[in-house]
Amino acid sequence: MKELKILLTSLVLVFSSCHSDENTINPKSILPEDETALICTFDLRENPNNLTLKPNAAIIAWPRWQTGQTVKIKFLDGDATVQEKVKRIASEWTEYANLKFEYVAVNEYADIRIGFNVGSYGAWSILGMKSAYGNTDEQSMRLGPLTAANEASVRRTVLHEFGHALGLIHENASPVATIKWDLPKVYKYYNELNGWSKEEVDEFVIKSPESTNYTQYDPLSIMHYYVPASLTTDGKGVNEMSELSQTDQISINKWYPFPIRSIIESGERIDAIPWMKSIKSPNGRYSLGFSRGCLYIIDLTNETFIWQVGDSTFSRFSSCYLELNGNITIQGQRSLTGGIKHTTWSSDTSEFPGASLHLQDDGDLQLIYNGAVKWSSKNGKM
Ligand SMILES: [Zn+2]
């Protein structure tokens with residue numbers, strides 16, 4: 001339950017330290033000439049200072065795609081193997097963002113146009129929907145020659161650049177970033193790495209605190225620059241990420257939400273419904289969830305539990321069904337090793353085959369059978 005509470009509210013994230021390169025600053029060593037370790041050159045193309053920062057991850061209000069939109073994508077080069085890898089990795093964003101990626105042939109119109117070897121140096125993407133404006137024949141994203149890179153590096157590059165393509169800017173651009181930069185070293189590092197001036201480093205990397213709406217700085221974001229520990233005064237760098245952080249997932253889901261779903265159909269496994277497609281009352285105020293052996297309803301306006309059943313001590317292999325006979329059941333084991341599955345809670349409504357569950361606008365969960373309410377979370381069996 002606690003985990004879910006954390007997921008739903010602003011996240012308290014532990015700053016992860018990177019102590020891999022304590023003393024020496026040698027950018028050349030992490031930037032081979034064959035481009036196997038690409039630095040994102042997004043900031044050279046887009047000026048984040050002109051963008052409006054919004055809560056949760058450094059995401060902008062515009063240019064976003066339309067929620068639910070099919071975004072057409074094509075590859076300008078690259079073999080089928082690497083293209084398929086990009087498709088597979090990029091699709092992770094659409095698990096949380098209500099967008100569809102459709103890949104089209106190179107001679108067709110595409111909103112996003114990806115090159116691997118073609119295009120100016122680095123890995124980059126035009127920000128969000130801007131790639132669908134202007135000259136739509138031009139490349140809008142560069143991933144670099146991914147074939148030489150290891151899996152984690154490929155994942156990082158693809159997820160990160162697609163993050164830009166969905167409207168995300170660099171997370172260390174967030175005004176609440178708490179990195180304690182060792183400035184002389186930072187200027188030297190990025191000058192040797194990219195040839196950037198002090199002003200460019202200030203603009204692209206350091207950023208000045210701005211009075212904008214923000215909630216929580218996320219050093220685990222896929223949109224964060226890699227920060228060597230040697231460039232900070234407290235020895236706390238930021239590791240290279242190759243997964244979407246929880247804040248990435250929650251933020252992108254807030255911007256591209258899935259339609260509100262209020263009904264659970266007969267026979268549906270409630271615990272298997274992912275949080276981003278969770279059951280909500282039609283007015284969006286209440287949410288039904290299942291975690292650690294318990295089924296619960298949350299009032300999202302103040303994030304309090306208004307109803308809860310089940311037994312958290314039987315949270316192992318726990319499941320929750322609306323059975324075909326109309327019964328709601330929660331099952332689980334006390335331990336990981338063996339033991340039988342116990343039913344820890346039941347609505348005792350098995351005489352209503354085909355009944356469905358509806359989360360109503362007042363937060364009441366109702367079992368409806370032939371148009372009549374037979375059980376509800378507020379009143380029990382009727
Ligand atoms: Zn970037």
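Residues numbered from 1 in each chain as written. Predicted model: local features only at pLDDT ≥ 70, side-chain atom pairs only at ≥ 80, totals over all residues.

So, about the sheet that holds strand β15 (residues 342–346). Reading across the sheet, the 3 strands line up as β13-β14-β15 and stay open at both edges, with antiparallel pairing between neighbours. At either end of the open sheet lies a strand with only one pairing partner, and these are β13 (316–322) and β15. Mean inter-strand twist for the sheet, computed between neighbouring axes without regard to direction, equals 20°. In terms of strand pairing, strand β14 (residues 328–333) meets β15 through 4 bridges, oriented antiparallel. The residue bridging Thr-329 from the neighbouring strand is Ser-346, located in β15. (Pairing = 2+ DSSP bridges. Helix = DSSP H or I, 4+ residues; strand = E, 2+ residues; numbered from the N terminus. Axes fitted to C-alpha atoms, helices over the stretch in contact; angles between N-to-C directions.)

Let us look at the confidence of the model for the protein chain. A residue-level look at the protein chain finds 80% of positions with pLDDT of 70 or above and a mean pLDDT of 81. Low pLDDT, under 50, characterises residues 48–56; the predicted model gives this stretch 28 contacts beyond four residues in sequence or across chains. Within the model, the stretch residues 208–214 combines pLDDT values under 50 with 13 contacts to residues more than four positions away or in other chains. (pLDDT = per-residue confidence, 0-100. Contact = placed C-beta atoms within 7 Å.)

A few words now on helix α6 (residues 183–194). Turn by turn, an α-helix covers 3.6 residues, leaving residues three or four places apart pointing in a common direction. Look at α6: 16 Å from first C-alpha to last across 12 residues, which is about the 16 Å you get at 1.5 Å a residue. Those residues of α6 not exposed but buried are Val-186, Tyr-187, Tyr-189, Tyr-190 and Asn-194. Down the axis, α6 shows its buried residues gathered within 165° of arc, on one side only. Of the residues one or two after α6, Gly-195 is the one with positive phi, at around 75°. (Expected span 1.5 Å × (residues − 1). Buried ≥ 20, exposed ≤ 12 C-beta atoms within 10 Å, placed from the backbone. Arc of directions from axis to C-beta.)

The next subject is the packing of α6 against helix α7 (residues 198–206). Contact geometry for α6 and α7: axes closest at 10 Å, N-to-C directions at 100°. Taken together, α6 and α7 sit at an angle that is classed as roughly perpendicular. The segment α6 lies against α7, with Val-186, Tyr-187 and Tyr-190 engaging Lys-198, Val-201, Val-205 and Ile-206. (Parallel < 35°, antiparallel > 145°, perpendicular 65-115°, else oblique.)

In terms of nonpolar packing, the biggest core is built from 38 residues, with Trp-93, Ile-112, Leu-143, Val-158, Phe-162, Leu-166 and Ile-252 touching the most fellow members. Those elements that provide at least two residues to this core are β3 (70–75), α4 (80–90), β5 (112–115), α5 (151–165) and α8 (246–255). Ranked by the residues each element gives to this core, the list is headed by α5, at 5 residues. When residues no more than four places from it in sequence are discounted, the contact partners of Val-158 are Val-86, Ile-89, Ala-90 and Leu-143. The next biggest cluster of nonpolar side chains, apart from the first, holds 22 residues, and it includes Leu-288, Cys-294, Ile-298 and Phe-352. (Core = buried A, V, L, I, M, F, W, Y, C linked by C-beta atoms within 7 Å.)

So, on to the sheet that holds strand β17 (residues 365–369). The 5 strands are arranged β8-β16-β17-β18-β19 in an open sheet whose pairing can be described as antiparallel. Edge positions in the open sheet fall to β8 (263–264) and β19 (380–381), since each of these has one partner strand only.

Moving on, we get to the packing of α4 against α5. In the contact formed by α4 and α5, the axes pass within 9 Å of each other and the chain directions differ by 60°. You can see that α4 and α5 cross each other, and the crossing is right-handed. Here α4 contributes Lys-85, Val-86, Ile-89 and Ala-90 to the contact with α5, which in turn contributes Val-154, Arg-155, Val-158, Leu-159 and Phe-162. When the residues that make up the contact of α4 with α5 are grouped by side-chain class, the tally is 7 nonpolar, no polar and 2 charged. (Left-handed = near helix turned anticlockwise from the far one by under 90°. Nonpolar A, V, L, I, M, F, W, Y, C, P; charged D, E, K, R; others polar.)

Turning our attention to unusual backbone geometry. Across the chain, the bulk of peptide bonds are trans and the bulk of non-glycine residues have phi less than zero. For Glu-303, which is not glycine, the phi dihedral falls at a positive 50°. Following the sequence through the fold, Glu-303 ends up in the loop between β11 (294–299) and β12 (304–310). Although it is not a glycine, Phe-317 adopts a positive phi angle of roughly 50°.

Assignment of secondary structure puts Gly-293 in the loop between β10 (286–291) and β11. The spacing of Gly-293 and Ile-330 is 37 residues in sequence and 7.0 Å in space, taken between C-alpha atoms. When sequence neighbours within four positions are dropped, the list of residues in contact with Gly-293 reads Gly-310, Asp-311, Ser-312, Phe-314, Ser-315, Ser-318, Ile-330, Gly-332 and Thr-344.

Attention shifts here to the pairing of β12. Note that β11 and β12 share 6 bridges and pair antiparallel. Its bridge partner being in β12, Ile-298 is matched across the sheet by Phe-305. If you look at the hairpin formed by β11 and β12, you'll find 4 residues sitting between the two strands, and Glu-303 has a positive phi there, around 50°.

As a further point, take the environment of Pro-259. Mapping Pro-259 onto the fold places it in the loop between α8 and β8. The exposure class assigned to Pro-259 is exposed, which follows from the 9 C-beta atoms found within 10 Å. Sequence separation between Pro-259 and Met-276 is 17 residues; the distance between their C-alpha atoms is 9.8 Å.

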